[in-house]
Every structure is written in C-alpha cells, then in structure tokens.
Amino acid sequence: MRMNTQTDPRWANDIMVDPPWQDKPDYIKDWFCLGTSLANVVQLIIGHEFTPADMNELLKKKKGYAYLRIGDTVTRGQESFLLYDVIEKQFCIRIKNVPVKEYAKRPNKYYIARFEVHYTINGKKRAVNHYSNVMTEIIIHSRRYFEIFDVYTGQTIILPTSEISLLKQVTL
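Residues numbered from 1 in each chain as written. Predicted model: local features only at pLDDT ≥ 70, side-chain atom pairs only at ≥ 80, totals over all residues. Heavy atoms only, no water.

Caption draft 1: Structural detail: the nonpolar core. One finds F32, L38, M55, L59, I87 and V170 to be the most contacted residues of the largest nonpolar core, which totals 33 residues. Looking at this core, the elements that each hand over two or more residues are helix 2 (33-46), helix 3 (52-61), helix 4 (66-70), helix 5 (84-91) and strand 2 (109-121). It is helix 2 that provides the largest number of residues to this core, a total of six residues. For V170, the contacting residues outside a window of four places in its chain are L38, V41, I45, I93, R94, I95, N108, K109, Y110 and I112. (Core = buried A, V, L, I, M, F, W, Y, C linked by side-chain atoms within 4.5 Å. Buried < 20%, exposed > 50% of the residue type's maximum accessible area, 1.4 Å probe, protein only. Helix = DSSP H or I, 4+ residues; strand = E, 2+ residues; numbered from the N terminus. Contact = heavy atoms within 4.5 Å.)

Caption draft 2: Region of interest: the pattern of salt bridges. Enumeration according to the criterion identifies five salt bridges in this entry. R10 serves as the salt-bridge partner of D8, at 2.8 Å between the closest nitrogen and oxygen. Assessed through its relative accessible area of 11%, D8 is described here as buried. K60 is the partner of E57 in a salt bridge, and the nearest nitrogen-oxygen pair spans 3.7 Å. (Salt bridge = Lys/Arg side-chain N within 4 Å of Asp/Glu carboxyl O.)

Caption draft 3: Summary view of the sheet that holds strand 4 (residues 143-149). As summarised here, the arrangement of the six strands in space is 1-6-2-3-4-5, forming an open sheet in which the pairing is antiparallel. Because the sheet does not close on itself, it has two edges, and the strands there are strand 1 (94-98) and strand 5 (156-160). Going from strand to strand, the sheet's axes swing by 40 degrees on average, the running direction of each strand aside. Sheet topology places strand 4 next to strand 5; five bridges connect them, and they run antiparallel. Considered in strand 5, the bridge of E147 is made with I158. Contacts from helix 2 reach strand 1, strand 2, strand 3 (124-140), strand 4 and strand 6 (164-171) within the one sheet, and its direction differs from that of strand 3 by about 25 degrees. (Pairing = 2+ DSSP bridges. Axes fitted to C-alpha atoms, helices over the stretch in contact; angles between N-to-C directions.)

Following this line, the structure appears as structure tokens:
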C-alpha cells in the first residue's frame, strides 16, 4: 500500500484547526507529520486507503485536536496537538511512547520516529521535531539504524537510532 505524505497537493492546504485568535491557520503541509504518520499506520491496519485528509476530518469531527476539546484555554502553539484517545477508540489501537531501545519488529506493531529537522529561514537556523514512519531496523557494522519513510518529502531515509529522540508504538 502506498504511504502518504503531508505535502500531497490533494490535502496539503487543508486547515487542521483554526482558532479565532490564531493569526495563521495550521495546514497539513506544515504541521501534520504525526497525523500523516498515524494515517499511514491506520491504512496498514485497516487494509485500505486512509489519507491524512481522512485523519484530519476525523480529528475535527471527534474533537481530536486540543483546541477543539479544551477551547481558548489551550496554550498558544498547542492548539493542533493531537489527542490520541480519539484515534485509539476509532481504530481499537493503542499509541504509546517507548524508548528507542525497545524497538521490536513484530506483527501488529508499528512505529513512528521523532527526530529533529534543521533548516534556515531568513538567515536564522531552526530545529523542529518531525515525525515519520519507521519501516525497519538495519544493523551496519554493529550500529543500529532505522529506515524511515519521511512523510514530508516522500523519500526513504536511513537514520542512526541515536538521532531518534522518541518512538511512538502503535499496537492493535
């Protein structure tokens, strides 16, 4: 099954959540790496296409974004945080954080890696957390690496596990 990206033009400009006090809405293309990674896992579990647009609509409808459930008291910058209980209930799955050393390739276990991406805007260097799907583990000269499908670029990348700050494990 084809893995989806957050930058696919079919949904890249869909608005995630748009609080009235927010000066610029959050778009899938900019901030939905975790949601896209979860949508990719869900489609593997259910056996048919489930896109980032589908995940976004589910989160809006079921109040799966922090702002939609908490309202104006949510901390600015956290309005688009995902609330996992909506996804867990909808698909009968469990999402939890696990240390990188606990990665284990097993049936019905899927992983999403968090790592830093560095870029420069207007001469300023920035680092942001980015989530993408872990495809498999690779051992090269006794060093551990993850093969990762990058949900922003659509490319497969190889990262040393030392660059992964967190794994989200999704299980049935």
